[in-house]
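Summary of the model geometry
The residues making up each chain are set out below.
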2 protein chains.
Amino acid sequence: MSSERYSIEEAIIYSHKMTQLSKALWKAIEKDWQEWVKPFGLNINEHHILLIAYHLKGSSISEISKFGVMHVSTAFNFSKNLEERGLLTFSKKENDKRNTYVELTEKGNELLEEILESHNVDNNRVVNGSLKLKELYGKFPEFQDMIAVIRDIYGDDYMDIFNRSIQNVVKETVTDPNVSGK
Amino acid sequence: MSSERYSIEEAIIYSHKMTQLSKALWKAIEKDWQEWVKPFGLNINEHHILLIAYHLKGSSISEISKFGVMHVSTAFNFSKNLEERGLLTFSKKENDKRNTYVELTEKGNELLEEILESHNVDNNRVVNGSLKLKELYGKFPEFQDMIAVIRDIYGDDYMDIFNRSIQNVVKETVTDPNVSGK
């Protein structure tokens, strides 16, 4: 690593630039996400946990922590809240007594589908902020460079879940007459 | 807006994708940032406020809120902490009694420069995660698409400050013998 591959100056400038950009991007997305799920009495961590449990068809707390990019204690505490609301159940597996698993209840499943159906992207900041690129490219930008950086940081299994969750979203939106009709 | 310019399906998929990617990117950057400034007894909001006041050579609370992408009350409360530590001063301007301005004290300036000099990018997650792209492109990725989206969301004045702060970082790292020597 280091001096042969990059100068300290360019790395510092790049790091500074990425910090500003990724904070701005994330804060815009976070606001949209909060506004979307708040009417259902959830914060974004809780909604993320439900989503991960849904996409993985049951998930361990450490998987939630990893794929939700949240601390293990955050994953556990918010999962606990969701369990108390009857939206998911905790369990141990026969062959893996050390890890706690969570699974959506029917109520959790129904709530999550209701939330997904309510997703209104008309005022979505990032969607609207990307429309000029969409006009230019004929499609929304792909951000392949960003994906390459994230793959390098988080590894292939993170990207597998990422791709699986995108596939699920594709299936839901294409088969759901409420969203595919427009 | 809407149906002529994009289908609901593709917008939902794009929004979902950007949410996962930008959260993962920001959380990696946030960790690096926290580890960098923690030894100086600062959190990232406090450090961000010092940086903005430094780059703008004095700044109003609403500018800090805007360019730091944080709530006005967050900007005010953390600025208050910094004032109590003697790192910045509050003032009103003769021609603008409504806004509170903050300016770095000499102590604040010295601390900020010390922090900037301590910036070690060797273990920086995003720098390391971008090295394969750097090898491929001959330089760190530019993320022009991401900049276009952020410009559209936050406006030209946000980008002006972004560019000004990058210019300042360039000047500091190029003129500082501690970082340019390597």
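Structural data are supplied above this passage.
Residues numbered from 1 in each chain as written. Chains lettered and ligands numbered in written order. Predicted model: local features only at pLDDT ≥ 70, side-chain atom pairs only at ≥ 80, totals over all residues. Heavy atoms only, no water.

With that settled, the discussion passes to the packing of helix H1 (residues 8–37) of chain B against helix H2 (residues 44–55) of chain B. What describes two packed helices is the angle between their axes and the distance between those same axes. All names here are of chain B. Interhelical geometry of H1 versus H2 gives an angle of 80° and a closest axis separation of 9 Å. With respect to their mutual orientation, H1 and H2 come out roughly perpendicular. Residues Trp26, Glu30, Trp33, Gln34, Trp36 and Val37 of H1 form the contact with H2, whose participating residues are Ile44, His47 and His48. Of the residues assigned to the contact of H1 with H2, the class counts are 5 nonpolar, 3 polar and 1 charged. (Axes fitted to C-alpha atoms, helices over the stretch in contact; angles between N-to-C directions. Helix = DSSP H or I, 4+ residues; strand = E, 2+ residues; numbered from the N terminus. Parallel < 35°, antiparallel > 145°, perpendicular 65-115°, else oblique. Contact = heavy atoms within 4.5 Å. Nonpolar A, V, L, I, M, F, W, Y, C, P; charged D, E, K, R; others polar.)

Our next topic: the relation of the copies chain B and chain A. Between the two copies, chain B and chain A, the superposition gives an RMSD of 0.0 Å; the rotation angle is 180° and the shift along the axis is 0.0 Å. The operation mapping one copy onto its partner corresponds to a two-fold rotation axis. Same-surface contact between copies: 99% of interface residues of chain B are shared with the interface of chain A. (Least-squares fit on C-alpha atoms with pLDDT ≥ 70 in both.)

Residues and elements named next belong to chain B. With respect to topology, 3 strands assemble into an open sheet ordered E1-E3-E2, the strand pairing being antiparallel. Either end of the sheet is taken by a strand with one partner, and the two such strands are strand E1 (59–60) and strand E2 (88–93). The sheet contact formed by E2 and strand E3 (residues 96–104) spans 6 bridges and is antiparallel. Looking at E3, one finds that Lys93 is bridged to Asp96. (Pairing = 2+ DSSP bridges.)

It is worth spelling out the packing of aromatic side chains at this point. With the rule as written, the count across this model stands at 12 aromatic pairs over all chains. Directly above the aromatic system of Phe140 of chain A lies the positively charged group of Lys134 of chain A, at a separation of 5.7 Å from the ring centroid. Over the aromatic face of Phe90 of chain B sits the side chain of Lys80 of chain B, whose NZ or CZ is 5.0 Å from the ring centroid. (Phe/Tyr/Trp six-rings, centres within 6.5 Å; stacked < 30°, edge-to-face > 60°. Lys NZ or Arg CZ within 6 Å of the ring centre and 35° of its normal.)

These values are about where atoms sit, not about what they do.
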